[in-house]
Amino acid sequence: MAGVRAGLVGVGPVGDAIVSVLKEHHFPLSEPLRVMATSCRSEVLCGEEFLVQETCERAFQGLDVVFFAGREGAKGASVQWAECAMAAGAWCIDNGSDFRLDPKVPLVVPEVNLDAVTGESKLIASPNCSTIQMVVALAPLHRVACVKRVVVSTYQAVSGWGKAAMDELLAQLPQYLAGGPVEFDPSIFTRPIALDCLPHIDRFTESGYTKEELKMVNETRKILSEPDLQITTTAVRVPVMVGHAESVNVQFERPLSAEEARAILAEAPGVVVIDGPTQDPNALEIRKAEGELQYPTPADVLRPEYRDATLVGRIREDSTAPNTLNLWVVADNLRKGAATNVVQIAEELIARGLLPA
Ligand SMILES: NC(=O)c1ccc[n+]([C@@H]2O[C@H](COP(=O)([O-])OP(=O)(O)OC[C@H]3O[C@@H](n4cnc5c(N)ncnc54)[C@H](OP(=O)(O)O)[C@@H]3O)[C@@H](O)[C@H]2O)c1
């Protein structure tokens, strides 16, 4: 039977989103998706019940592609199982960070650098969620005006940590509202996340930057093929369930006005510009008269028309530095930041005849 035999390792929020995106994109599966995790059980993903297998060598036999959405590190899913899946003949597309900076492994955002997929490596890495949405917005501007320096601060949803962090925020909110002590699991965040902002994502390194901040630096350089790009980051966890936002200050080699950037981004693949005078029919007349602008927020990524897009607003010139713009960039970390990106990569493999259609 024609179509792709696909596997999924990991049934957290990213695994769940991969199932949703495969369904919505009518991804041509020739047999039911083979779902794996650390133990055998049944799980409901995107409203459908799946029999989850314990991940083992045998489970990869006969698969054409495997989406990895497991944990990272030595005991993580792709470190433990990607070799095995490739030995069984499957392409592996990994959401985790373990192989992203390996020079032999392409690190791919389909709107930006599909040419990195050469077929030499059957393992393809998908970048960090914060990196993906930033490079989708930066790449079209980079092609025209050449990015020189980036200063980015992120506002990252708790789902970026995984399901346990989403459960923790939900459990903490009533405790906070009741005015009592707010309990927290220190293996997730270092203090309660409910109605607070924590400038701490992943571990601290000797440089004072966190690993999350350095991922954005190194991955952006690799994806844009600009190893010396100047980029400095502050990654902040905020009490939002889904959807990361970023304030991006970007300096270019060549002049680029806000108007030109708006026009370029309006045509850019995967980008939706939400900028200019407010279109909100409920906006107060007085605010419209004062020139209120529209802008995207993380809540917008739940709207069906924006679910897979990178939303850009607040495009404006920075009067304190030459050739410099400020942007506000928002996307769904579970979808464009993970699931949509890996499914798009698999769709490209089909388009190139590297996976059976
Ligand atoms: N969340 C995001 O916004 C986001 C964005 C981009 C990339 N990512 C990356 O995507 C991956 C998944 O994220 P998530 O938030 O869905 O994580 P999660 O909630 O922690 O879920 C991880 C899943 O992977 C399974 N798993 C872990 N280690 C495994 C192993 N050695 N073998 C087989 N299965 C294993 C777990 O199995 P059990 O259920 O049996 O424990 C669990 O189902 C992570 O690498 C993360 O860094 C996440």
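Residues numbered from 1 in each chain as written. Predicted model: local features only at pLDDT ≥ 70, side-chain atom pairs only at ≥ 80, totals over all residues. Heavy atoms only, no water.

Enquirer: Just to check I follow, could you spell out the packing of helix α1 (residues 13-24) against helix α9 (residues 335-351) for this structure?
Expert: Packed helix pairs are characterised by how far apart their axes lie and by the angle those axes make with each other. Close contact between α1 and α9 brings their axes to 9 Å; oriented N to C, the two are set at 50°. In terms of orientation, α1 and α9 fall into the oblique class. In terms of crossing hand, the pair formed by α1 and α9 is right-handed. Only R335, A338, A339, T340, V342 and V343 of α9 make contact with α1, whose side of the interface consists of V14, A17, I18, S20, V21, L22 and E24. Among the residues making up the contact of α1 with α9, the classes are represented as 9 nonpolar, 2 polar and 2 charged. (Axes fitted to C-alpha atoms, helices over the stretch in contact; angles between N-to-C directions. Helix = DSSP H or I, 4+ residues; strand = E, 2+ residues; numbered from the N terminus. Parallel < 35°, antiparallel > 145°, perpendicular 65-115°, else oblique. Left-handed = near helix turned anticlockwise from the far one by under 90°. Contact = heavy atoms within 4.5 Å. Nonpolar A, V, L, I, M, F, W, Y, C, P; charged D, E, K, R; others polar.)

Enquirer: What's the story with the domain arrangement of the protein chain in this structure? I'm lost.
Expert: Interfaces are often described in size by the accessible area the parts lose on coming together. Annotation of the protein chain at the domain level lists domain 1 (6-126 + 338-351) and domain 2 (131-333). Put simply, the middle of domain 1 and the middle of domain 2, counted by C-alpha atoms, are 26 Å apart. Taken together, the contacts link 19 residues of domain 1 with 19 residues of domain 2. Interface area for domain 1 against domain 2, summed over the two sides, is near 1600 Å², with a carbon-plus-sulfur share of 60%. When the area that domain 1 buries against domain 2 is broken down by residue, the three leading residues are P13, E111 and V112, summing to 32%. Seen at the junction of domain 1 and domain 2, the total is 1 salt bridge. E219 is the partner of R100 in a salt bridge, and the nearest nitrogen-oxygen pair spans 3.0 Å. At the surface where domain 1 touches domain 2, the tally comes to 7 residue pairs in polar contact (both at pLDDT 80 or more). At the level of secondary structure, the elements contributing two or more residues to the side of domain 1 that touches domain 2 comprise α3 (110-113) and α9. (Domains from an automatic or database assignment. Buried area = accessible area lost by both parts, 1.4 Å probe. Salt bridge = Lys/Arg side-chain N within 4 Å of Asp/Glu carboxyl O. Polar contact = N/O pair within 3.5 Å; in protein donor to acceptor, adjacent residues only side chain to side chain.)

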